[in-house]
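Close look at the chain arrangement
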Amino acid sequence: MTTNTDEFWMQHALSLAQQAERQGEIPVGAVLVKNNEVIGEGFNQSIMLNDPSAHAEMQAIRAAGRKVNNYRLVDSTLYVTLEPCAMCAGALVHARVARVVYGAADAKTGAAGSVMDICRHPALNHQIDVESGVLAKQCSTALSAFFRRRRKEQKQLRQSTTTLDSTESVMPSMDK
């Protein structure tokens, strides 16, 4: 059941996602909360850090571990704008996070119910309560706009490269 508290913290995660986008990263933000207090937060930094594990969730988990001086993040809730992938879901299970609240579902790599469900897998030693779809429209709109803009930029880059290549082929060589 979505609450005003869930929406409040998801708005916070959305603001972190905007930080990622300003740095050229995929706009995903995450905040880890315990007793209505931030214990860790992060946004995607994989490109900037050349680190495939620098997802928003991983950044939030690492920050929380440092803050509480423990790798177990019992009784905490993670708010994240995009459904966690398998790597992040696995880390959340290992950290014993109690609850995950996400905005946009990920039909390609979601591991909290969309493609697979690591968070609630009965064979694992910890299951996480999952709430999906909180501010889903805002979360998915931010991601869609980012990818639409990126595709447009890549298309323009390809076109400018093609234009340069064709210009070079009609220009006489100055080597002679």
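Residues numbered from 1 in each chain as written. Predicted model: local features only at pLDDT ≥ 70, side-chain atom pairs only at ≥ 80, totals over all residues. Heavy atoms only, no water.

Regarding the pairing of strand 4 (residues 99-104)
Rules: The rule is simple: take the accessible area with a 1.4 Å probe, protein chains only, and divide by the maximum for that residue type; under 20% is buried, over 50% is exposed, in between is partly exposed. For the purposes of this entry, the term helix denotes a DSSP run of H or I that reaches at least four residues, the term strand denotes a run of E that reaches at least two, and both are numbered from the N terminus. Whether a crossover is right-handed comes down to one check: with the strands pointing away from the viewer, does the path from the first strand over the helix to the second run clockwise; if it does, it is right-handed. Any two strands with at least two DSSP-identified bridges between them are counted as paired.
In terms of burial, strand 4 is a largely internal element, five of the six residues being buried. Read from strand 3 (residues 77-82) through helix 4 (residues 86-95) to strand 4, the crossover connection turns out right-handed. Inspection of the sheet shows strand 4 paired to strand 5 (residues 129-132) by four bridges, in the parallel sense. Bridging from a neighbouring strand, Arg 99 pairs with Asp 129 of strand 5.

A few points about helix 4
Formally: What makes two residues a contact is simply this: any of their non-hydrogen atoms within 4.5 Å.
Across the ten residues that make up helix 4, a large majority, seven, are buried. On its buried side, helix 4 packs onto helix 3 (56-68), strand 3 and strand 4. Once helix 4 finishes, Arg 96 follows within two positions and takes phi at roughly 65°, a positive value.

Here we look at the sheet that holds strand 4
Let me state the cut-off plainly: Axis definition: a line fitted to C-alpha atoms, limited for helices to the stretch in contact. Angles are taken between N-to-C directions and run from 0 to 180 degrees.
Spatial ordering of the open sheet is given by 2-1-3-4-5, a layout of five strands whose pairing is mixed. Of all the strands in the sheet, the pair left with one neighbour each is strand 2 (37-43) and strand 5. Averaged over all pairs of adjacent strands, the angle between strand axes in this sheet comes to 15°, irrespective of strand direction. Bridge count for strand 3 against strand 4 is five bridges, and the pairing is parallel. From the neighbouring strand, Val 80 faces strand 4, where its bridge partner is Tyr 102.

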